[in-house]
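Structural overview
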Amino acid sequence: MTTVGVPAGWPATEEEARAVQDELRGRVVLDEHGPEPGAGRVTGVDVAYDDDLDLVAAAAVVLDAATLDVVAEATAVGRVSFPYVPGLLAFREIPTVRAALERLPCPPGLVVCDGYGLAHPRRFGLASHLGVLTGLPVIGVAKNPFTFTYDDPGAERGASAALLAGAEEVGRALRTRDGVKPVFVSVGHRVSLGNALAHTLALTPSYRLPETTRRADALCRRALRAAARESTGS
């Protein structure tokens, strides 16, 4: 098993990590529309952890945006690169996620993270961080609203409501299935919020969560199980 190491100079403390966020946040691009939904490729990324074995597995799954068929996939296994600290989870995930993306045999197109972009206390979640470091268009589609508030959107698929930090809109609560709890969409890098919502609806024809997230989640869990078996010799 080849594991991804912690990059040289990677932050080791909360203060160092927040300083990196402060430095990179100004590089987020918010004035691009981004790729058109239903065209080209779209890639989901996700991670799974085994903290007892100090392992993290990342998966990148490329789908044809029109058919949602799998085009390519890649995984990477690494050592956990940062302790668990709310608001700093990107520092645990990015080295291995980038390694998985780099192992893809084709360009990823739009990247969809199971997490946050601007909908983050420091306005720089995983989707923004990954976008700045890779230059790729990235959005975040999360399962919960983190620390933010929202009015319940209409019950029909496609209804949305502002996700708010005080009076500031940081994303949208989006209903992807009639009568089912919404997901929480935010801009990461090089994509508009309206386009991020359209992509999310295009990726959820049958389930609450995007197909990109569902497939990447399943793949990274399989990769983690395989890595754990190899690590323990079982």
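Residues numbered from 1 in each chain as written. Predicted model: local features only at pLDDT ≥ 70, side-chain atom pairs only at ≥ 80, totals over all residues. Heavy atoms only, no water.

Right, let's talk about the pairing of strand β6 (residues 138-142) for a bit. The side chains of a regular strand alternate between both faces of the sheet. With five of its five residues buried, β6 lies for the most part within the structure. Burial along β6 is two-sided: V138, G140 and A142 and I139 and V141, pointing in opposite directions, are all buried. Two strands pair when backbone bridges link them, and strand β5 (residues 110-113) and β6 are joined in this way by three bridges, in the parallel orientation. Note on β6: the bridge partner recorded for C113 is G140. (Buried < 20%, exposed > 50% of the residue type's maximum accessible area, 1.4 Å probe, protein only. Helix = DSSP H or I, 4+ residues; strand = E, 2+ residues; numbered from the N terminus. Pairing = 2+ DSSP bridges.)

Counting residues in hydrophobic clusters, the biggest one holds 31 residues, and the most contacted among them are V45, V97, L101, C113 and L130. For this core, the elements supplying multiple residues, two or more each, are β2 (41-50), β3 (55-64), β4 (70-79), α2 (90-102), β5 and α3 (126-134). L130 has contacts with V45, I94, V97, R98, L101, V111, C113 and G135, leaving out every residue within four places of it along the chain. (Core = buried A, V, L, I, M, F, W, Y, C linked by side-chain atoms within 4.5 Å. Contact = heavy atoms within 4.5 Å.)

The UniProt feature table records "binding site: Mg(2+)" (unreviewed entry) at D46 and D114. With the annotated positions falling across 69 residues, the maximum pairwise C-alpha distance of 6.2 Å places them together in a single cluster. Within the secondary structure, D46 is located in strand β2. The buried category is assigned to D46, whose relative accessible area is 8%. With sequence-adjacent residues up to four places away left out, D46 is seen in contact with A57, A58, A59, D114, T213, A216, D217 and C220. Here D114 is to be found in the loop between β5 and α3. Judged by its relative accessible area of 23%, D114 falls in the partly exposed class. Excluding residues that lie within four positions of it along the chain, D114 makes contacts with V45, D46, V141, A142, K143 and T213. At 2.6 Å, the side chain of D114 and the side chain of K143 are in polar contact. (UniProt positions renumbered as here; feature names shortened; annotations may be inferred. Polar contact = N/O pair within 3.5 Å; in protein donor to acceptor, adjacent residues only side chain to side chain.)

With the rule as written, the count across this model stands at five aromatic pairs. Ring centres of F82 and F91 lie 5.6 Å apart, and the angle between their planes is 40 degrees; this geometry places the pair in the tilted category. Its relative accessible area of 1% is what places F91 among the buried residues. Taken together, a centroid distance of 5.0 Å and an interplanar angle of 25 degrees make the contact between Y116 and F146 stacked. Of this pair, Y116 sits in the loop between β5 and α3 while F146 sits in the loop between β6 and β7 (160-165); the two residues are 30 residues apart in sequence, bridging distant segments of the chain. The class for Y116 is buried, based on a relative accessible area of 15%. With a relative accessible area of 31%, F146 lands in the partly exposed category. An aromatic cluster is defined as three or more aromatic residues linked by ring pairs; in this entry it consists of W10, F82 and F91. (Phe/Tyr/Trp six-rings, centres within 6.5 Å; stacked < 30°, edge-to-face > 60°.)

A word on unusual backbone geometry. Trans peptide bonds make up most of the peptide bonds, and negative phi angles are found at most residues other than glycine. Positioned with a positive phi, D54 is a non-glycine residue whose angle comes to about 60 degrees. Secondary-structure assignment places D54 in the loop between β2 and β3. Phi angles above zero are rare outside glycine, and F146 is one such case at about 60 degrees.

A few words on the pattern of salt bridges. Overall, the coordinates contain 13 salt bridges when judged by the stated rule. D217 is paired through a salt bridge with R221; the nearest N and O atoms lie 3.0 Å apart. Here D217 pairs with R221, and both are found in helix α5 (residues 211-232), just four residues apart, close to one helical turn. D217 sits in the partly exposed class, given a relative accessible area of 23%. Here R221 falls in the partly exposed class, since its relative accessible area comes to 46%. (Salt bridge = Lys/Arg side-chain N within 4 Å of Asp/Glu carboxyl O.)

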